[in-house]
Amino acid sequence: DFKRLLTEYPELYNIEDNYVKGNPELRVSIHEERATELGLNAALAGMYIRNCFDGVKASVFYDADEEIDVIVKLDERFRRSIEDVAQMQFPTPDGRLIPFSSVATLKQQTAVGEIKRTDRRREITVSADAENKKNIRAIMARVKSVYEEKYRAAYPAVALVLGGEFEQFNQVLA
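Computed from a predicted structure; not experimentally measured. (Residues numbered from 1 in each chain as written. Predicted model: local features only at pLDDT ≥ 70, side-chain atom pairs only at ≥ 80, totals over all residues. Heavy atoms only, no water.)

## Description of the packing of aromatic side chains
Aromatic ring pairs are defined here through the distance separating the ring centres and the angle between the ring planes. Across all of its chains, the model carries four aromatic pairs by this definition. Relative to Y151, the ring of F2 has its centre 5.4 Å away and its plane inclined at 40 degrees; by these criteria the two rings are tilted. A residue pair is termed long-range when its members are at least 10 positions apart, and F2 in helix α1 (residues 2-6) and Y151 in helix α6 (residues 136-151) qualify at 149 residues. With a relative accessible area of 17%, Y151 lands in the buried category. Feature note: the residues F2, Y151 and Y155 constitute an aromatic cluster, connected by ring pairs. (Phe/Tyr/Trp six-rings, centres within 6.5 Å; stacked < 30°, edge-to-face > 60°. Helix = DSSP H or I, 4+ residues; strand = E, 2+ residues; numbered from the N terminus. Buried < 20%, exposed > 50% of the residue type's maximum accessible area, 1.4 Å probe, protein only.)

What follows is the structure, encoded as structure tokens:
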């Protein structure tokens, strides 16, 4: 969002960030109270989903001097889309099959590809060069305003730190 915000200012150029996108992923949220009522828990549900995709070692096959793991996993045609996963059913300890949607929700998103840290805290840096400095104070105020309106309450652990010439310019004007 901040990178996109900075592109609105024609005097800014070389607008970059160090965010590295990762692979697409499905985020599974287990409704723990409902799962418990049905005899499941987050660990069992998570293990079942992982086994469907990654497989589980069911046996070992011996061929002469070679050991070959026998891996069992859900057929790929049943795990191609988010809809396929949503149609899964969880086996309960008492043998019942519970529809996925009754105990979990799915959200498709992109994982973080690389995490940058400063002083052991995660960070994403957005930077830009300015043709002239006359509008820097207004740009800085807009960035702060967007942070306050959209991010401070929703993400209390996230901090906005302005640095570089923005911060130097602000200190001179203060």
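## Some details on the nonpolar core
Soluble, globular proteins show a tendency: their nonpolar side chains are buried together. Counting residues in hydrophobic clusters, the biggest one holds 14 residues, and the most contacted among them are M88, F90, F100 and V103. Where this core is concerned, the elements lending two or more residues are α3 (42-54) and α5 (100-103). The dominant element in this core, judged by the number of residues it contributes, is α3, at three residues. Non-local contacts of F100, meaning those with residues more than four positions away in its chain, are made with V28, I49, V85, A86, M88, Q89, F90, T105 and L106. If you look at the next biggest cluster of nonpolar residues, it comprises 13 residues, including L5, L12, Y147 and L162. (Core = buried A, V, L, I, M, F, W, Y, C linked by side-chain atoms within 4.5 Å. Contact = heavy atoms within 4.5 Å.)

## Comments concerning the side chain of T92
Looking at the secondary structure, you find T92 in the loop between β5 (89-91) and β6 (97-99). There is a polar contact of 2.4 Å between the side chain of T92 and the side chain of D94. If sequence neighbours within four positions are ignored, T92 has contacts with L38, L40 and I98. (Polar contact = N/O pair within 3.5 Å; in protein donor to acceptor, adjacent residues only side chain to side chain.)

## Looking at α6
For α6, built from 16 residues, the straight-helix expectation of 22 Å at 1.5 Å per residue is met to within 8% by its first-to-last C-alpha distance of 21 Å. Buried within α6 we find I136, I139, M140, V143, V146, Y147 and Y151. In an axial view of α6, the angular spread of the buried residues amounts to 125 degrees, which keeps them on one side of the axis. (Expected span 1.5 Å × (residues − 1). Arc of directions from axis to C-beta.)

## Considering the pairing of strand β4 (residues 66-72)
Here strand β3 (residues 56-63) pairs with β4 via seven bridges, running antiparallel. Following the sheet pairing, D63 is matched in β4 by E66. Where β3 hands over to β4, the hairpin turn is made up of two residues, of which A64 adopts a positive phi near 55 degrees. (Pairing = 2+ DSSP bridges.)

## A look at the layout of surface pockets
Looking at the largest pocket, its volume works out to about 1900 Å³. Looking at the largest pocket, it is lined by 46 residues, and the ones nearest its centre are F2, E123, I124, T125 and V126. At five residues, strand β10 (residues 126-130) tops the list of elements feeding residues into the lining of the largest pocket. Taken together, the residues that form the lining of the largest pocket break down as 23 nonpolar, eight polar and 15 charged. Estimated volume of the second largest pocket: approximately 290 Å³. For the second largest pocket, the full set of lining residues is L26, V28, I30, A42, G46, I49, R50, F53, D54, V85 and L106. Contributions of two or more residues to the lining of the second largest pocket are made by β2 (20-30) and α3. Top element by residues in the lining of the second largest pocket is α3. It accounts for six residues. For the lining of the second largest pocket, a count of residues per class yields eight nonpolar, one polar and two charged. (1 Å grid on protein atoms, 1.4 Å probe; cavity = no way out; pocket = protein on both sides within 12 Å on 5 of 7 lines; lining within 4 Å. Points joined across faces, edges and corners; volume = space filled by probe spheres on them. Nonpolar A, V, L, I, M, F, W, Y, C, P; charged D, E, K, R; others polar.)

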